[in-house]
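These are the residues of each chain, in order.
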Amino acid sequence: MSRTAASMLREALENVGVRFTFGIPGVHNTEIYDELAKSGTITPVLVTHEGGAAFMADAVSRSGTSLGTLVIVPAAGVTHAASGIGEAFLDGIPMLVIAGGIRRDTGRRYQLHDVDQHALLKPITKGTWLVEKHADVIPTIYEAVRVATSGEPGPVFVEIPVNLQLMTGEEGPNVSPQVVAATARCKPEQVAAAVELLRKAKSPAIFVGWGAVDATAEVARLAERLGAPVATTLQGVSAFPANHPLHAGFCLGRAAVPAVEKSFADSDCMLAVGTRFGEIATGSYGWTPPANLVHVDINPAVFNANYPARVALEGDAKSVLMQLLQALGDAPVATAAERRARVEATIREQKAVYLEEWLRHDSQGRVNPARFFASLRRQLPDDSTVVLDDGNHTFLAAELMPIHRARGLISPTDFNCMGYCVPATIGAKLARPELPVIGIVGDGAFRMTAMELATATAQGLGVVVFVFSDGELAQIAQAQEIPYNRKTCTVLGPLDVAGVAQATGAKFLRIASDVDIDGVIRDALASASRDRRPVLVDVLVDYSKRTRFTEGIVKTNLERFDLGTKARLVGRALWRRISG
Ligand SMILES: Cc1ncc(C[n+]2csc(CCOP(=O)(O)OP(=O)(O)O)c2C)c(N)n1
Ligand SMILES: [Mg+2]
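The structure displayed is predicted, hence computed values, not measured ones. (Residues numbered from 1 in each chain as written. Chains lettered and ligands numbered in written order. Predicted model: local features only at pLDDT ≥ 70, side-chain atom pairs only at ≥ 80, totals over all residues. Heavy atoms only, no water.)

K.L.:
Give me the lowdown on the overall build of the protein chain, citing residues and values where you can.
P.N.:
Counting secondary structure elements, the protein chain contains 22 helices and 20 strands. Its C-alpha radius of gyration of 25 Å places the protein chain within 12% of the 25 Å reference for a compact globule of 580 residues. Taking the principal axes of the C-alpha coordinates as reference, the protein chain spans close to 70 × 60 × 55 Å. Out of the 580 residues in the protein chain, the part that is buried amounts to 57%. A sequence separation of at least 24 residues applies to 76% of the contacts in the protein chain between residues at least 6 apart. With the model as given, the accessible surface of the protein chain reaches about 22900 Å², and the carbon-plus-sulfur share is 54%. Considering the protein chain, the positive charge centre built from 58 side chains and the negative charge centre built from 61 side chains are found 4 Å apart. (Helix = DSSP H or I, 4+ residues; strand = E, 2+ residues; numbered from the N terminus. Rg over C-alpha atoms; globule rule 2.2 N^0.38 Å. Buried < 20%, exposed > 50% of the residue type's maximum accessible area, 1.4 Å probe, protein only. Contact = heavy atoms within 4.5 Å. Areas by Shrake-Rupley, 256 points an atom, 1.4 Å probe, with all protein chains shown as cover. Lys, Arg positive; Asp, Glu negative; His and termini not counted. Charge placed at Lys NZ, Arg CZ, Asp CG, Glu CD.)

The following block contains the structure:
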């Protein structure tokens, strides 16, 4: 049948289960938007900025409910969206990016939006396609989606020239979307070798990243069988439930919370699942791996990249862990039961000690972060989603906010892009409208994408966004304090958060000190779900106490310099302290 590429695209998107598209119409994609308006299963969402669109699509994908998809204009829409595409790329999140393209049938030069989009997106996508004829539209979308969702997931880009959207052409032969099967590629002898190491270990430990987010039950069974504590990466905070007695907490080495530090102290064998041992995951590589490292990942390129693996098991986390569990069998693992009791006691004790340390900290009339997170945890149902941005608040949340559900916390991690939170909160809420979604964002990152609150209002979304107002770009300002003794370009000018709420149609609330915490969180959650409009809460937070993560990475980075550089940095810091 002869029809437009826009119509074919709609059919392909419906067939791969896309539920939302995010973007802004322009002359190169209005045919697509007109088709999307006809769809019974896809809702096209108008955003304020394409950067927001990409973060929304990312959050939809992270929810695990459908594939986050963009429909944007060429060139300007693509560069705006690049921040969110880059985040999805480095964090391994599938995303389908569709842009219109210039007319390829007129021979004209200097057309509107005429740049090489494929060259722009090459380093931050798994693949890009230019559709050249009608018959290719549907197979190209299916192939792009297969690439986005197979192996380590990531974003893909498809350009559909506007002339194909406007004119009709013949369809190609009938094709179906491909279902990507989760598989383990490791050999039985490798599985046996891994089990042998884990069985014989005196103190096995487990470290999980986002790659393990759908294998929580298998990780728990292994941890219980082995009596092993479980730590997580930042992106993988939700990959193991914090209310499991073997959950130790965030990070490794000296950047880790005390429960990890103590329960991992003498670990002689580690099972790492779905982590690349990246910079944030390892606290700037301030961690020494045990020689017996069993590394499980779907992407073989991560093996031995930063730390040598004794056994590398390639495959989808759930499939590989099921094989490990099967090979481990039912025979008791020597000393595991006794070890488990010991490890659980250490974790319980150290979590209490760390929480106490925070609660004792004098926040001088401002909001104590630990009190805030304790109240939020008490009031938020377990199946909620918490969305973070990038900053000091990220690490406070990772250390102090227990997450009980897989995919229950999402954060921009390795691309580390500020501005993620507000739009991602919207994407997460659209994906799972029946469950509470809350965002926590620093006052710097909030400025970058706050106008997307208007999108939340337009969509009738009852999300709650807590702005941690400290007046600084704290995560960087804190790192400037010791070496520079001055905060160049990290002190923020004033921002009227209430004014932003008024301008965007959000309800406004403020937590000025600890006494407000319980009541305001209660009001915010209740009114968001009742009124179906966003609630913006200004939290006058106290940042005077450092996270373990910040303390750890500052020390690690300082120590790593050679003697000459160290002397120069310390000398400058001392001199500035004396000279003021
Ligand atoms: C797009 C982008 N620009 C700059 C940075 C560097 N950066 C990382 S954290 C941070 C501070 C964030 O400040 P704020 O949002 O106020 O959060 P806080 O640290 O105060 O909690 C900055 C500037 C970044 N990660 N991303
Ligand atoms: Mg700040």
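K.L.:
Please set out the nonpolar core residue by residue, giving values where relevant.
P.N.:
Counting 153 residues, the largest nonpolar core has Phe-22, Phe-372 and Phe-466 as the members making the most contacts within it. The residues touching Phe-22, leaving out its near neighbours within four places in the chain, are Tyr-33, Val-45, Val-47, Ala-53, Met-56, Ala-57, Val-60, Thr-69, Leu-70, Val-71, Ile-72 and Leu-430. Formed by 28 residues, the second largest nonpolar core is a distinct cluster that contains Ala-6, Val-71, Leu-96 and Ile-98. (Core = buried A, V, L, I, M, F, W, Y, C linked by side-chain atoms within 4.5 Å.)

K.L.:
Now, about the sheet that holds strand 7 (residues 155–161): what can you tell me, with residues and values included?
P.N.:
Strand order across the open sheet formed by 6 strands is 3-2-4-5-7-6, with parallel pairing between neighbours. In this open sheet, the two strands that pair with only one neighbour each are strand 3 (43–46) and strand 6 (127–130). Across the sheet, the mean angle from the axis of one strand to that of its neighbour is 20 degrees, orientation sign disregarded. Two elements, strand 2 (residues 20–23) and strand 4 (residues 69–72), share 2 bridges in a ladder whose sense is parallel. Considered in strand 4, the bridge of Phe-22 is made with Leu-70. Along the sheet face, helix 1 (residues 5–15) touches strand 2, strand 5 (95–101) and strand 7 and points at about 175 degrees away from the line of strand 5. (Pairing = 2+ DSSP bridges. Axes fitted to C-alpha atoms, helices over the stretch in contact; angles between N-to-C directions.)

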